[in-house]
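What follows is each chain in one-letter form.
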Amino acid sequence: MAEAAAGADRSSGSVADRLIAFLDAWVPKPAAWAFALRIWIAMIVALGAAFWLQLDSASSAATCVAILAQPKRGQAISKAVYRLLGTLIGAFVSIVLVALFGQDRVLLLLSFTVWLGLCVFVAQYLQDTRAYGAMLSGYTVAIIALGQIDDPQGAFDAAVSRVAVIVLGIVAITFINDALASPSTWRALLPRLREAWDGTRAYARETLDEGDLGAPRTAALIRTIAPMRADASAIAGELDDGPFRAAGARSCIAALYVMAASIRTVAAAAACLRNPGPAVAEAMAICRRVADAPDPESLDRDDERLRDLVDDAIRDGRRPLDEVVVLQRALDFVCAATFAQDGIGAVADGHRPLRDATLPTHRDFPVALRGALRVALGFAATAAAFVALGLPQASFALVQVAATAALSSTTPDPKKFANGVVVGMCLAATFAGIARFVFLNGVQGFPMLAMAMAPVIFLGCFLSLNPKTFGIGFILIVFFPVLLGPSNPQTYDAQTFLLNGFLVVVAAVVLSILVRILIPVTPAQQRIFALDSARRALADALVGEGGDATTRTSLNADRLFQFAGYSSGSGAVRRASLSHAFALARLESAAARAHAELRRLWPAAALRDAILRARSGLAAGDDRALESAAGALIRAASRQDRIVRLTTARAASDLVSAARTVARHRTFLHRLDIAPF
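Starting afresh in each chain, residues are numbered from 1 along the sequence in its written order. Per-residue local features of the predicted model are confined to residues with pLDDT of at least 70, and side-chain atom pairs are confined, for both listing and counting, to 80 or more; whole-chain, interface and lining totals are unaffected and use all residues. The basis for every side-chain value is the complete set of heavy atoms in the structure, and neither hydrogens nor water enter the calculation.

**A few points about the overall build of the chain**
Then comes step 1: Only DSSP runs of H or I reaching four residues or more are called helices, and only runs of E reaching two or more are called strands; each is numbered from the N terminus. The helix and strand tally for the chain stands at 27 helices and zero strands.
Then comes step 2: For the chain, the spread of C-alpha atoms along the principal axes amounts to about 90 × 85 × 50 Å.
Then comes step 3: We call a residue buried when its accessible area falls under 20% of the maximum for its residue type, exposed when it is over 50%, and partly exposed in between, using a 1.4 Å probe and counting protein chains only. Relative to its full complement of 677 residues, the chain shows a buried share of 54%.
Then comes step 4: For the chain, long-range pairs separated by at least 24 residues make up 79% of all intrachain contacts whose partners lie at least 6 apart in sequence.
Then comes step 5: Calculation of accessible area relied on Shrake-Rupley with a 1.4 Å probe; when residues are assessed, cover is drawn exclusively from the protein chains displayed. Counting every atom, the chain has about 28700 Å² of accessible surface; 62% of that belongs to carbon and sulfur.
Then comes step 6: Working convention for charge: Lys and Arg count positive, Asp and Glu count negative, and His plus the chain ends are omitted. Charged side chains are reduced to one point each, which is NZ for Lys, CZ for Arg, CG for Asp and CD for Glu. Seen as two clouds, the 66 positive and the 56 negative side-chain charges of the chain have centres 4 Å apart. Only heavy atoms matter for contacts: two residues are in contact if any of them lie within 4.5 Å across the pair.

**What to know about the nonpolar core**
Then comes step 1: Formed by 113 residues in total, the largest nonpolar core has its most connected members in L193, L607 and L633.
Then comes step 2: If you tally residues by element for this core, the top one is helix α14 (residues 321-349), at 15 residues.
Then comes step 3: If near-sequence neighbours (up to four positions away) are discounted, L193 is found in contact with M228, A249, C252, I253, I344 and V347. Put simply, a nonpolar core is a bunch of buried Ala, Val, Leu, Ile, Met, Phe, Trp, Tyr and Cys residues held in one set by side-chain atoms that sit within 4.5 Å of each other.

**What about a nonpolar patch on the surface?**
Then comes step 1: Think of a patch as exposed residues, more than 30% relative accessible area, with no salt bridge, where like charges cluster within 9 Å and nonpolar side chains (Val, Leu, Ile, Met, Phe, Trp, Tyr) cluster within 5 Å. When a carboxyl oxygen of Asp or Glu lies within 4 Å of a side-chain nitrogen of Lys or Arg, that pair is called a salt bridge. Judged by side-chain polarity, Y125, F365, L369, L373 and L377 come together as a nonpolar surface patch covering roughly 420 Å² of accessible area.
Then comes step 2: When you line up the elements, Y125 lands in the loop between α5 (105-124) and α6 (128-146).
Then comes step 3: Judged by relative accessible area, Y125 falls into the partly exposed class, the value being 33%.

**Let's talk about the environment of A269**
Then comes step 1: Looking at the secondary structure, you find A269 in helix α11 (residues 242-271).
Then comes step 2: Sequence separation of A269 and D322 is 53 residues, and the distance between their C-alpha atoms is 5.2 Å.

**Quick look at helix α12 (residues 278-292)**
Then comes step 1: Between its terminal C-alpha atoms α12 stretches 21 Å, which fits the 21 Å expected from 15 residues at 1.5 Å a residue.
Then comes step 2: Taken residue by residue, α12 has A279, V280, A283, M284, I286, C287, V290 and A291 as its buried positions. One side of α12 carries all its buried residues, which in axial view fall inside an arc of 155°.
Then comes step 3: In this fold, the buried residues of α12 make contact with α8 (185-210), α11, α13 (296-316) and α14. One fewer than the residue count of a helix, multiplied by 1.5 Å, yields its expected span. To be clear, the arc concerns the directions from the helix axis to the C-beta atoms.

**Details of the packing of aromatic side chains**
Then comes step 1: Stacked, tilted and edge-to-face pairs are distinguished by plane angle, under 30 degrees for stacked and over 60 for edge-to-face with tilted covering the rest, among Phe, Tyr and Trp rings (Trp via its six-membered ring) whose centres lie within 6.5 Å. Considering all chains together, one arrives at 10 aromatic pairs under this definition.
Then comes step 2: For the pair F51 and F446, a centre-to-centre distance of 6.0 Å together with 85° between the ring planes defines the contact as edge-to-face. With F51 in helix α2 (residues 30-53) and F446 in helix α18 (residues 446-464), the pair connects residues that are 395 residues apart, well separated along the chain.
Then comes step 3: Ring plane angle 75° and centroid distance 4.9 Å describe the contact between F112 and F379, whose orientation is recorded as edge-to-face.

**Some words on unusual backbone geometry**
Then comes step 1: Positive phi, normally seen in glycine, also occurs at Q54, with a value near 60°.
Then comes step 2: Among the structural elements, Q54 can be located in the loop between α2 and α3 (59-67).
Then comes step 3: If you check the backbone angles, I519 has positive phi at about 50° while not being a glycine.
Then comes step 4: Within the element layout of this structure, I519 appears in the loop between α20 (494-517) and α21 (523-542).

**Focus on the pattern of salt bridges**
Then comes step 1: The final tally for this structure, using the stated rule, is 31 salt bridges.
Then comes step 2: Note that D558 is salt-bridged to R229, the shortest N-O span being 4.0 Å. Pair noted here: D558 is in helix α22 (residues 549-566) and R229 is in helix α10 (residues 229-234), with a separation of 329 residues, a long-range link.
Then comes step 3: In this structure, D241 and R245 form a salt bridge, with 3.0 Å as the shortest nitrogen-oxygen distance.
Then comes step 4: Accessibility expressed as a relative area gives 7% for R245, which makes it buried.

**Here we look at the confidence of the model for the chain**
Then comes step 1: pLDDT is a per-residue confidence score from the predictor, ranging from 0 to 100. Counting all residues, the mean pLDDT for the chain is 84, and 93% of those residues have values of 70 or more.
Then comes step 2: Ranking the helices and strands of the chain by mean pLDDT puts α14 first, with 93, and helix α1 (residues 2-26) last, with 57.

**Digging into the packing of α14 against helix α26 (residues 642-664)**
Then comes step 1: Each axis is a line fitted through C-alpha atoms, taken for helices only over the stretch in contact, and angles between the N-to-C directions span 0 to 180 degrees. In contact at an axis separation of 9 Å, α14 and α26 are set at 115° when each is read in the N-to-C sense. Classified by the interaxial angle, the pair formed by α14 and α26 is roughly perpendicular. As α14 runs across α26, the sense of the crossing is left-handed. Two secondary-structure elements touch here, α14 through L321, D322, V324, V325, Q328 and R329 and α26 through L646, A649, R650, S653, D654, V656, S657 and R660. Any angle between 65 and 115 degrees counts as roughly perpendicular, while under 35 counts as roughly parallel, over 145 as roughly antiparallel, and the rest as oblique. Here a crossing is taken to be left-handed if its near helix is turned anticlockwise relative to the far helix by less than a right angle, and right-handed if that turn runs clockwise.

**Examining the side chain of D322**
Then comes step 1: The topology assignment puts D322 in helix α14.
Then comes step 2: Exposure remark for D322: the relative accessible area of 10% places this residue in the buried category.

**Quick notes on α3**
Then comes step 1: Summarising burial for α3: nine of the nine residues are buried, a large majority.
Then comes step 2: Of the residues making up α3, those classed as buried are S59, S60, A61, A62, T63, C64, V65, A66 and I67.
Then comes step 3: Next to the buried residues of α3 lie α2, α4 (73-101), α6, α7 (155-179) and α19 (470-484).

**Some points on the environment of P191**
Then comes step 1: Along the chain, P191 turns up in helix α8.
Then comes step 2: Residue class for P191 comes out partly exposed when judged on its relative accessible area of 45%.

**A word on the packing of helix α25 (residues 623-637) against α26**
Relative orientation and spacing of two packed helices are given, respectively, by the angle between their axes and the distance between those axes.
Then comes step 1: Look at α25 against α26: their axes get within 8 Å of each other, and the N-to-C directions meet at 165°. Classed by the angle they form, the pair α25 and α26 counts as roughly antiparallel. Viewed along their axes, α25 and α26 form a crossing whose handedness is left-handed. Within the contact between the two elements, α25 uses D623, L626, E627, A630, L633, I634 and A637 and α26 uses R645, T648, A651, A652, L655, V656, A658, A659, R660, V662 and A663.

**What to know about the state of the cysteines**
Then comes step 1: Here, two cysteine sulfur atoms that lie within 2.5 Å of each other are counted as a disulfide. Enumeration over the complete set of coordinates arrives at zero disulfides.
Then comes step 2: C252 forms no disulfide, and the closest cysteine sulfur to it belongs to C335, at a distance of 15 Å.

**Re the side chain of E323**
Then comes step 1: By the element assignment, E323 lies in helix α14.
Then comes step 2: For E323, a relative accessible area of 7% puts it in the buried group.
Then comes step 3: A distance of 2.7 Å separates polar atoms of two side chains, one belonging to E323 and the other to R319. Here a polar contact means two N or O atoms within 3.5 Å. Within protein one must be a hydrogen donor candidate and the other an acceptor candidate, and residues neighboring in sequence count only if both atoms are side-chain atoms.

**Digging into the environment of L68**
Then comes step 1: By secondary structure assignment, the location of L68 is in the loop between α3 and α4.
Then comes step 2: Overall, the relative accessible area of 0% leaves L68 in the buried class.
Then comes step 3: Sequence separation of L68 and I39 is 29 residues, and the distance between their C-alpha atoms is 9.0 Å.

Given below as structure tokens:
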């Protein structure tokens, strides 16, 4: 009996646990309800204001709010700014194209196709809201110019009306976000930065204890750091000190990249020393202390102490090269830790950070070109088919094709987004039909319209907060007001509604087909393009055209972050692929830094012979010549002043790092045909 009772208790407990887990997984959190409430109120406010101002296409104001729906204030503000800029550019181009080709539909469609492809291509090289602004300036021309293809004289009025409703939507969502205390981006980013800071220090401790952790472990660390770039760029518009907080976030992210790269080199160089000297032991102890529990005062002392150790090693002139590398990279690690900690503090309290680093975005030209061609050719083929079939309201369908195709071009996975578009369009059409012909049939009151829209908007917001269903939720809240078409007075033309619903679903299906059959880019091709881009960047860096070292490190980190997402196959193949990608990044960064330091050393006449040998070794990819040049550089600098000695240490350590990378990956580098390795 006791056993049966215990079993019943366990069974009831198991059922309760499953029920709680189910509710926790599917019932939206309070923050999600607050987000959905803000978006619904903002859409109703924008829609009511558009009706009161008697603007044409009042539903576009609600659609604008839906597109700007972001859970954090800074994200919404940043997207609003670039939405306004993109709309203004698109409106201007629309007027120009209609003025030039308003009497010839073929030339108008052709010119728009070229413009749309150009905007998508530019968007590929930007990131976050800037990419959205570039892409928006493309399909805004479709909304204005193609929407007025039968009435070219109305293009100017349509452009003015479009700008007006966009401004109204931006004002509405900005006001509601402020009035209802939308969460600040910097508050959400701060704990993520601290978590990445702790993770990077933990990575450093493991590296010092166990040696190089390998490319997959480093790639995992980069995956925790890189996604914060989007929020870092969105902070600037939130507060008066927003630019300082944004600069602090960027500085911290760049510093975390440097910390991960430098500590790997410290461990690798220390492993090459048979009899580490006291300076190496002290440098390693400092790195461990920084990885454990750094504070600003100790970081300053450790930085100064490491500079003294580096200076002593160069002044000696006879220390092993690996010892110089350990000391210099330990100094780099501590400097980066200083910037990271200062950056976190700047995000927290808004003070001016020690620096403002840039976080460039890596893009592969073949991928960007294919994305632009896919959108342009797909739109051109769809336009030709619609015109040939003589479909009524074809211009409405073409606007949806242009908009969804452009939106898909900036997503990480266009195929997944296209699937979300198909489902989202079907849901939007279904819910719009129910709202219009069931709840609003014959009703002209605005309160009833707001109530009918609420369930759909809330559902779309909940879906958009889940990464797996983001595409469905986004399309639902954007196209639901488009298909509902609220107006004053409300119309109930079932035939027009059904045709519009059919056309948007057709547009979604067309997009789903296009991204699969028209110039697709497979992960294997993306890996090839990324390696080819890295190869070209490395070739430039070896001859002294690598650019700023810190910028290159951040750019390489972004390239590695993307490359890790492309990698697939067995564990061994994936590890080898990542190892080669990291080798290219390490060699490029070392070569770029070395050339930069060698240029600073050129005024010292005693070092010029060694500098020329180092440059020659870099250009030829000769590891032995690089190590020889590094030794000669150190010996020549031992009799120079402190500034020259410290600069020499940086140059020599980069030369040695480049030499070791070349020696270890000679076969792979030879296959890439970068230099005569």
